[in-house]
Amino acid sequence: MSTCQRGAFSFLLLLGASATGVWAQDATGRITGQVTDASGAAVSGAKVMVENRGTTLRTMVESDATGLYQALLLPIGSYRVTVEAAGFRKVVVDDLKLLINQTLRADVKLEVGAVSETVQVEGQTTGVETVNVTLGASVTDRPIINMPLNGRNVLDLARLQPGVTNARPTSQSGAAGIFNVAGGRSDSVTFLLDGGVNNNLLSNGVVLNPNPDSIAEFRILTSNYTAEFGRNGAGVVSVVTKSGTNSLHGSGFEFLRNEALNANRFLNNANGLPKEILKRHQYGFTIGGPVVTPKVYNGKDKLFFFNSFQNQTLRNLASALQFQTFTPAELRGDFSQSRGGNPDPGVADFLRRYPYFQPNPDLANRAIIDPARINTVSQNYIRAGLIETAPTGQLFAQGSLLNDRKENTTKIDFTPRQNDRFSATLGINTNPTRNPFPTVGNGSNFPTTTNFKQLFGGLSYVKVLSPNVLNDFRFTAQRAEQLQQVPAVDRPKAADLGVGVTPDRASGPPILNFASGAYYGSNANGPTSLINNTYIYADTLTWIRGKHNFKGGFTFSAYQNNTIYDFFVNGMFTFTGATNAGGIGSGNDRADFLFGLPDAYQQFPSAPSDIRSKMYSAFFQDEWRVSRKLTLTLGLRYDYSQPKFDTRGRSFSLKQGERSTVFPGAPIGLLFPGDPQAPRGSNFADRNDFAPRFGFAYAPTSKWSVRGGFGMFYDVLKGEDNLQFN
């Protein structure tokens with residue numbers, strides 16, 4: 001199952017740190033504290049009411065023999081804690097801000113008096129984390145909305161957090177992803193949206209990324225996760241969307257960016273090209289509140305909604321990188337000026353050796369090809385307008401880029417009874433794009449489109465079975481569709497140009513790849529269709545007993561990937577030119593095209609795959625309060641990830657010296673599903689992924705604490721094995 005196994009130990013001295021401990025792999029937190037009298041003695045049996053100020057959701061608990069109370073699995077937001085005990089004045093602690101996975105401690109000291117008397121306390125909480133060892137940092141809704149974000153991508157704010165760095169380009173690291181957490185791989189980060197897994201297994205990237213106005217908070221966990229955290233070992237990014245409250249509220253926004261204040265690029269000015277045009281509009285709205293139908297249903301205190309919509313339109317007149325192409329004379333076969341105003345000696349020598357292409361010796365010496373002798377297929381490319389020219393031979397192309405986006409996220413919260421709480425998140429994002437230059441050297445004749453569509457649905461049900469026992473069930477479904485590198489303009493196919501090849505799915509002309517820089521043809525990675533579906537079921541039970549918080553659960557995940565990958569499906573002719581680089585013609589790659597002398601040809605079939613995989617996980621942990629100063633967290637996790645397999649057996653494995661019995665004619669060392677020494681899928685199963693976790697938190701005083709931990713972490717296989725299905 002794993003490609004990475006990591007052991008980690010951290011020993012941390014925290015002075016005056018904020019209370020940001022992790023309790024659950026979800027979108028909630030907990031409020032805890034100790035109830036004492038004026039002398040500091042514990043008060044047991046005190047009635048504690050924890051109330052959400054926005055929705056009036058109330059959680060009732062009692063303090064135990066040590067005076068400790070805990071309210072678990074609370075939605076993030078603003079809270080009020082009310083404590084009552086016989087013979088004492090009632091105490092109300094107000095304006096408590098609960099963040100994602102936070103352990104918010106609010107100790108209460110009761111004064112002797114009548115219960116009818118009330119002592120009001122504003123936001124009195126302990127500022128040092130004394131319970132949980134997991135490290136992390138949060139960004140709340142005000143900074144998310146107020147900070148300038150070019151493109152309005154909330155995840156860009158992750159780079160502001162300690163331990164998060166920019167990822168190296170995929171071409172250098174071999175890993176997808178946009179940032180590294182605590183030194184881990186950028187594609188080993190788990191994304192959570194309202195508690196549901198928000199990763200696409202193909203690349204392990206995020207599926208749905210809501211706009212900033214829909215986000216209540218996001219939090220990054222960087223180290224020392226408890227046993228409930230698995231799947232990846234390099235960080236967890238948890239995003240929680242806003243919920244509706246008893247008040248109807250909303251907002252609207254528009255962001256505009258254009259080229260009015262931009263300067264033209266140096267190379268554009270040098271070549272007489274206009275300034276690149278950029279017009280981007282991002283606008284939308286949010287609205288939330290109780291679900292109310294006059295005279296039919298009043299959802300106040302019970303049923304709430306929040307909806308956010310954002311639309312983006314982007315148009316950009318983009319400039320391609322400069323590359324060498326034909327001059328108008330060269331495209332007619334005239335290379336008499338191609339070497340600093342002189343004839344190309346390689347072309348002239350070739351014409352003298354092969355007079356078929358120029359019977360006239362004088363013209364041959366001047367490196368001029370007879371236009372009537374230009375290769376027939378080359379003439380077809382030229383007549384179809386597929387070859388661009390430039391007076392100097394250096395092409396500066398411009399074209400229109402499009403990047404539109406529509407995103408809508410809706411959240412529904414329903415509390416029919418105090419002991420039952422439902423929450424649902426639904427989101428969709430569509431992102432059609434048009435790239436005028438999908439490959440360096442393209443010019444403006446081969447733009448492509450790529451269309452993205454992401455869907456996310458999450459449902460959670462929290463059941464309070466008793467004041468000490470809670471169950472949290474979650475179901476998540478997600479879908480990521482991508483239709484990439486589709487030619488935006490219909491161009492002649494191989495048969496139209498007289499090329500004798502039969503692509504599985506012809507979508508354009510065979511590519512012409514020139515060593516001098518030009519690349520005439522659609523991008524080699526398409527058209528490709530990628531559809532990924534993931535379904536996740538998870539259930540967690542929490543039991544508070546004395547000094548122990550026991551927690552256990554399981555997760556089942558089913559993954560589907562359906563792909564039709566077209567890689568060089570139309571074929572590609574390569575013109576190397578120089579003989580020392582393998583050229584077989586004149587040494588001039590453009591002239592060799594007119595001669596019909598490519599140095600290489602490659603073509604691949606269409607590669608369909610229907611990949612399936614399942615993952616099973618279970619964990620158990622105990623948070624043991626040894627004393628008021630010391631808390632130990634002990635846990636064990638087990639993960640089994642079924643090796644990905646193709647439903648039709650379209651995969652292969654390598655084993656030196658072995659011959660396939662399924663396909664005896666295959667090269668030695670190449671095995672297939674059904675061979676005795678080959679797995680059914682991408683690899684043999686790994687069933688030994690046990691991951692122990694240990695952590696401690698020691699707080700000699702309320703002003704400082706020492707926390708540390710050790711754990712083993714396993715990483716799921718993402719795209720590392722994709723080529724075995726190609």
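Scroll up to find the structure.
Residues numbered from 1 in each chain as written. Predicted model: local features only at pLDDT ≥ 70, side-chain atom pairs only at ≥ 80, totals over all residues. Heavy atoms only, no water.

**Details of the overall build of the chain**
Here is step 1: When helices and strands are counted, the chain shows nine helices and 42 strands.
Here is step 2: Scored against the burial criterion, the 726 residues of the chain give a buried share of 52%.
Here is step 3: Taken together, the 69 basic and 57 acidic charged side chains of the chain have centroids lying 3 Å from each other. (Helix = DSSP H or I, 4+ residues; strand = E, 2+ residues; numbered from the N terminus. Buried < 20%, exposed > 50% of the residue type's maximum accessible area, 1.4 Å probe, protein only. Lys, Arg positive; Asp, Glu negative; His and termini not counted. Charge placed at Lys NZ, Arg CZ, Asp CG, Glu CD.)

**Things to note about the packing of aromatic side chains**
Here is step 1: A full pass over the atoms with the stated rule returns 32 aromatic pairs.
Here is step 2: Summarising the aromatic geometry, the rings of Phe-326 and Phe-593 are spaced 6.0 Å apart at their centres and angled 65° between planes, so their arrangement reads as edge-to-face. Residue Phe-326 is found in the loop between strand 23 (323–324) and helix 4 (328–331), and its partner Phe-593 is found in helix 9 (residues 589–595); the two are separated by 267 residues along the sequence. Accessibility classification places Phe-326 together with Phe-593 in one group, the buried group.
Here is step 3: Aromatic side chains Phe-556 and Tyr-616 sit 5.2 Å apart centroid to centroid with 45° between the ring planes, which places their arrangement in the tilted category. (Phe/Tyr/Trp six-rings, centres within 6.5 Å; stacked < 30°, edge-to-face > 60°.)

**Points about the nonpolar core**
The tendency in soluble globular proteins is for nonpolar side chains to be buried as a group.
Here is step 1: Ile-369, Ile-387, Leu-512, Phe-514, Tyr-520, Phe-593 and Phe-595 are the most contacted members of the largest nonpolar core, which has 37 residues in total.
Here is step 2: Listing elements by their share of this core, those giving two or more residues are helix 5 (345–353), helix 8 (494–497), strand 30 (511–514), strand 34 (572–575) and helix 9.
Here is step 3: Sequence-distant contacts of Tyr-520, defined by excluding residues within four places in its chain, comprise Phe-323, Thr-325, Leu-386, Ile-387, Glu-388, Gly-441, Asn-442, Phe-446, Pro-510, Ile-511, Leu-512 and Phe-514.
Here is step 4: With 24 residues, the next largest nonpolar core counts Val-48, Leu-74, Val-93 and Leu-96 among its residues. (Core = buried A, V, L, I, M, F, W, Y, C linked by side-chain atoms within 4.5 Å. Contact = heavy atoms within 4.5 Å.)

**A few points about a nonpolar patch on the surface**
Here is step 1: A contiguous nonpolar patch, built from Trp-624, Leu-634, Phe-694 and Phe-710 and spanning about 340 Å² of accessible area, is present on the exposed surface.
Here is step 2: Turning to its location among the elements, Leu-634 is positioned in strand 37 (residues 630–641). (Patch = residues over 30% accessible without salt bridge, like charges linked within 9 Å, V, L, I, M, F, W, Y side chains within 5 Å. Areas by Shrake-Rupley, 256 points an atom, 1.4 Å probe, with all protein chains shown as cover. Salt bridge = Lys/Arg side-chain N within 4 Å of Asp/Glu carboxyl O.)

**Topic: the pairing of strand 22 (residues 303–319)**
Here is step 1: One ladder, built from 13 bridges, connects strand 19 (residues 278–290) with strand 22; its direction is antiparallel. The residue of strand 22 that forms the bridge with Gln-282 is Gln-312.
Here is step 2: In this structure, strand 22 lies alongside strand 26 (residues 405–417), joined through 10 bridges in antiparallel fashion. The residue of strand 26 that forms the bridge with Phe-305 is Ile-412.
Here is step 3: Pairing analysis gives five bridges linking strand 22 to strand 25 (residues 398–403), with the strands arranged antiparallel. Across the sheet, residue Asn-316 finds its bridge partner in strand 25, namely Leu-401. (Pairing = 2+ DSSP bridges.)

**Focus: the pattern of salt bridges**
Here is step 1: For the structure shown, the criterion picks out 31 salt bridges.
Here is step 2: The shortest N-O distance in the salt bridge between Arg-315 and Asp-404 comes to 2.7 Å. Within this pair, whereas Arg-315 is found in strand 22, its partner Asp-404 is found in the loop between strand 25 and strand 26, the two being separated by 89 residues in sequence.
Here is step 3: For Arg-315, a relative accessible area of 35% translates into the label partly exposed.
Here is step 4: On the basis of relative accessible area, Asp-404 is assigned to the buried category, the value being 15%.
Here is step 5: A single network of salt bridges, built from pairs that share partners, joins Glu-51, Arg-53, Arg-58, Arg-80, Asp-94, Asp-95 and Lys-97.

**Things to note about the environment of Tyr-714**
Here is step 1: Within the fold, Tyr-714 resides in strand 42 (residues 704–716).
Here is step 2: Placed 480 residues apart in sequence, Tyr-714 and Ala-234 show a C-alpha to C-alpha distance of 9.6 Å.
Here is step 3: In this structure the side chain of Tyr-714 is engaged in a polar contact, spanning 3.2 Å, whose partner is the backbone oxygen of Phe-690. (Polar contact = N/O pair within 3.5 Å; in protein donor to acceptor, adjacent residues only side chain to side chain.)

**Quick word on the environment of Arg-280**
Here is step 1: Its location among the elements puts Arg-280 in strand 19.
Here is step 2: By relative accessible area, which is 12% here, Arg-280 ends up buried.
Here is step 3: Taking the C-alpha atoms as reference points, Arg-280 and Phe-550, 270 residues apart in sequence, are found 52 Å from one another.
Here is step 4: With residues up to four places along the chain from it excluded, the contact list for Arg-280 reads Asn-150, Gly-151, Phe-255, Leu-256, Arg-257, Gln-312, Thr-313 and Leu-314.
Here is step 5: Separated by 2.6 Å, the side chains of Arg-280 and Asn-150 make a polar contact.

**A few points about the side chain of Thr-409**
Here is step 1: Within the secondary structure, Thr-409 is located in strand 26.
Here is step 2: Accessibility expressed as a relative area gives 3% for Thr-409, which makes it buried.
Here is step 3: At 2.5 Å, the side chain of Thr-409 and the side chain of Glu-407 are in polar contact.
Here is step 4: Residue contacts for Thr-409: discarding those within four places in its chain leaves Leu-208, Pro-210, Thr-241, Phe-306, Asn-307, Ser-308, Thr-425, Leu-426 and Gly-427.

**Focus: unusual backbone geometry**
Here is step 1: Here the amide bond leading from Gly-526 into Pro-527 is cis, since omega sits at 5°, within 30 degrees of zero.
Here is step 2: With respect to the helices and strands, Pro-527 occurs in the loop between strand 31 (519–520) and strand 32 (528–545).
Here is step 3: A positive phi angle is found at Leu-73, which is not glycine, with a value near 50°.
Here is step 4: Here Leu-73 is to be found in strand 5 (residues 68–75).
Here is step 5: Taking the relative accessible area as the measure of exposure, Leu-73 reaches 3% and is therefore buried.
Here is step 6: Positive phi values are uncommon outside glycine, yet Lys-295 reaches one of about 65°.
Here is step 7: Position of Lys-295 relative to the elements: it lies in the loop between strand 20 (292–293) and strand 21 (297–298).

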